[in-house]
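# Fold and contact review
Okay, here's what each chain looks like letter by letter:
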Amino acid sequence: ILVTGVQTCALPISDIMLWSALSYLGAAVLAYHALALLNVLYKTLLASGPKLTKQYGEWAVVTGATDGVGKAMSFELARKGCSVMLISRSEAKLKAVQAEIAEQYPSVKVDYAVADFSKLTPTVLAFLKAKLEPLDIGTLVNNVGVSYDFCQWFHELSDAEVRDMLAINIESVTWMTRLVLPLMLAKKQGAVVNMSSASARMPLPLLAQYSATKGYVENFTRSLAVEYAGKGVHFQCQSPYFVATAMTFPNSKVPAEKRATLMTPSPKAYARAAVARIGVDTMTSPYWTHELLLWLQGRIPDALVGPALLSMHKGIRFHKKNVAKMEAKSKSA
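The following paragraphs examine the structure supplied in this document. Not measured: the values here are computed from a predicted model.

## A short note on the overall build of the protein
A count of helical and extended segments in the protein gives 11 helices and nine strands. With respect to the principal axes defined by its C-alpha atoms, the protein has extents near 95 × 55 × 35 Å. Counting across all 333 residues of the protein, residues that qualify as buried make up 44%. For the protein, long-range pairs separated by at least 24 residues make up 74% of all intrachain contacts whose partners lie at least 6 apart in sequence. About 17500 Å² of surface is accessible on the protein, with carbon and sulfur atoms providing 62% of the total.

What follows is the structure in structure tokens.
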């Protein structure tokens, strides 16, 4: 076609239609991701869950309740009006936390049970069952967990370390859920919150065993959420990134809470967000910067994430302090 002396050509109708279809598809994909991002911000900054005692029941049970996130969640649940059953292995620490909560929130009941989740024998489970059965349990927070002392190859872990991670990170969640679930089903209400980690959402070389145990927690929760959706019991998995706890900063000379940042909240800040989200979603990372990071991470292929984490974790593994620890560990073995 000649127009004002310039030669142009018209695209075939089929090409125009294909181009239009691709444009609409691209716009739809962009709109989807934009809405997903807005949803992340809304859920973490504005939305809040139900009143726990009214929706689910009077008592909240928290495992690993004497330190870090577990202790902070216990205080936050008490602040929200829940009576709290604290479960951990140290009776001295349990008594101290019980006294602190009772003093700060005198209107709620606080009790405790001593249990070592690395040794969940039938006797321990029978003791916990007898302790929990008389209570109107509304919320169970399966928080207790253990990670590596520092980044290591899987073959460098001791048998005891592997056993403890399996027992504390997987068996505790499984058996505590089995203990409490029948009580919730009997009254057709309850919420089970299983603490996982953002590490379950990515390949995590040199922390593989920890990542794998948290992957179990995520899939266990996701499946039970569907299984019991019509029976009044809500299942939720919380998968945070770093929280300023002793587990995040092992052997640190600086108190863990003083290392809190925008990306690594204090246990108290995390607990505020975490308890507010109970009953809202099945899979969540309740602190807003963590949810945003997971949203971004989900759009980066594992082929890029894995090698980057391997390089970073090698740096930690071969830090002079950790090299010395590994040498001492090998000698003791």
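## Some remarks on the sheet that holds strand E6 (residues 137-142)
If you trace the seven strands from one edge of the open sheet to the other, you get E5-E4-E3-E6-E7-E8-E9, paired in parallel fashion. Two strands in the sheet have a free side with no partner beyond their single neighbour: strand E5 (110-114) and strand E9 (283-284). Contacts from helix H6 (residues 159-187) reach strand E3 (59-63), strand E4 (83-88), E6, strand E7 (190-195) and strand E8 (233-238) within the one sheet, and its direction differs from that of E6 by about 165 degrees.

## Some points on the packing of aromatic side chains
The full count for this structure, using the stated rule, is three aromatic pairs. A centroid spacing of 5.5 Å and a plane angle of 15 degrees characterise the contact between Tyr-216 and Phe-220, whose relative ring orientation is stacked. Residue Tyr-216 and its partner Phe-220 are located together in helix H7 (residues 208-227), separated by four residues, close to a single helical turn. When the ring centre of Phe-318 is taken as reference, the NZ or CZ atom of Arg-317 above it lies at 5.1 Å.

## Observations concerning the nonpolar core
Ranked by size, the top nonpolar core spans 33 residues in total, and within it Leu-77, Leu-86, Ile-101 and Ile-278 carry the most contacts. Looking at this core, the elements with two or more residues in it are E3, helix H3 (68-79), E4, helix H4 (91-104), E5, E7 and helix H8 (267-276). Tallying contributions element by element places H3 first for this core, with six residues. Not counting residues up to four positions away in its chain, the partners in contact with Ile-101 are Ser-74, Phe-75, Ala-78, Leu-86 and Val-110.

## Observations regarding a nonpolar patch on the surface
On the surface, a cluster of nonpolar side chains totalling about 270 Å² of accessible area is made up of Leu-22, Leu-25 and Val-29. Turning to its location among the elements, Leu-22 is positioned in helix H1 (residues 13-45). Leu-22 sits in the partly exposed class, given a relative accessible area of 49%.

## Some remarks on H3
Here H3 spans 17 Å end to end across 12 residues, near enough to the 16 Å set by a 1.5 Å rise per residue. Most of H3 is tucked away: nine of the 12 residues are buried. Inspection of H3 places Val-69, Gly-70, Ala-72, Met-73, Ser-74, Phe-75, Glu-76, Leu-77 and Ala-78 among the buried residues, and these make up the whole buried set. A positive backbone phi angle near 100 degrees is found at Gly-81, which sits one or two residues after H3.

## What to know about the side chain of Ser-239
Positionally, Ser-239 belongs in the loop between E8 and H8. Looking at Ser-239, its side chain comes within polar contact range of the side chain of Glu-218, at 2.4 Å. Leave out the neighbours within four places in its chain, and Ser-239 touches Ser-196, Ser-197, Ala-198, Arg-201, Glu-218, Thr-284, Ser-285 and Leu-294.

## A short note on the pairing of E5
Two faces belong to every sheet, and in a regular strand the side chains alternate between them. The pairing of E4 with E5 spans five bridges and is classified as parallel. Residue pairing for E5: Met-85 is matched across the bridge by Asp-111. What joins E4 to E5 is H4, and the crossover it makes is right-handed.

## Some remarks on the environment of Asn-143
Locating Asn-143 in the fold gives a position in the loop between E6 and H6. Taking the C-alpha atoms as reference points, Asn-143 and Gly-68, 75 residues apart in sequence, are found 9.9 Å from one another. In this structure Asn-143 touches Thr-63, Gly-64, Val-69, Gly-70 and Met-195, once residues within four positions along its chain are discounted. Within the structure, Asn-143 has its side chain in polar contact with the backbone oxygen of Gly-64 (distance 3.1 Å).

Thresholds, definitions, all that
- Residues numbered from 1 in each chain as written.
- Predicted model: local features only at pLDDT ≥ 70, side-chain atom pairs only at ≥ 80, totals over all residues.
- Heavy atoms only, no water.
- Helix = DSSP H or I, 4+ residues; strand = E, 2+ residues; numbered from the N terminus.
- Buried < 20%, exposed > 50% of the residue type's maximum accessible area, 1.4 Å probe, protein only.
- Contact = heavy atoms within 4.5 Å.
- Areas by Shrake-Rupley, 256 points an atom, 1.4 Å probe, with all protein chains shown as cover.
- Pairing = 2+ DSSP bridges.
- Axes fitted to C-alpha atoms, helices over the stretch in contact; angles between N-to-C directions.
- Phe/Tyr/Trp six-rings, centres within 6.5 Å; stacked < 30°, edge-to-face > 60°.
- Lys NZ or Arg CZ within 6 Å of the ring centre and 35° of its normal.
- Core = buried A, V, L, I, M, F, W, Y, C linked by side-chain atoms within 4.5 Å.
- Patch = residues over 30% accessible without salt bridge, like charges linked within 9 Å, V, L, I, M, F, W, Y side chains within 5 Å.
- Salt bridge = Lys/Arg side-chain N within 4 Å of Asp/Glu carboxyl O.
- Expected span 1.5 Å × (residues − 1).
- Polar contact = N/O pair within 3.5 Å; in protein donor to acceptor, adjacent residues only side chain to side chain.
- Right-handed = clockwise from strand over helix to strand, strands pointing away.

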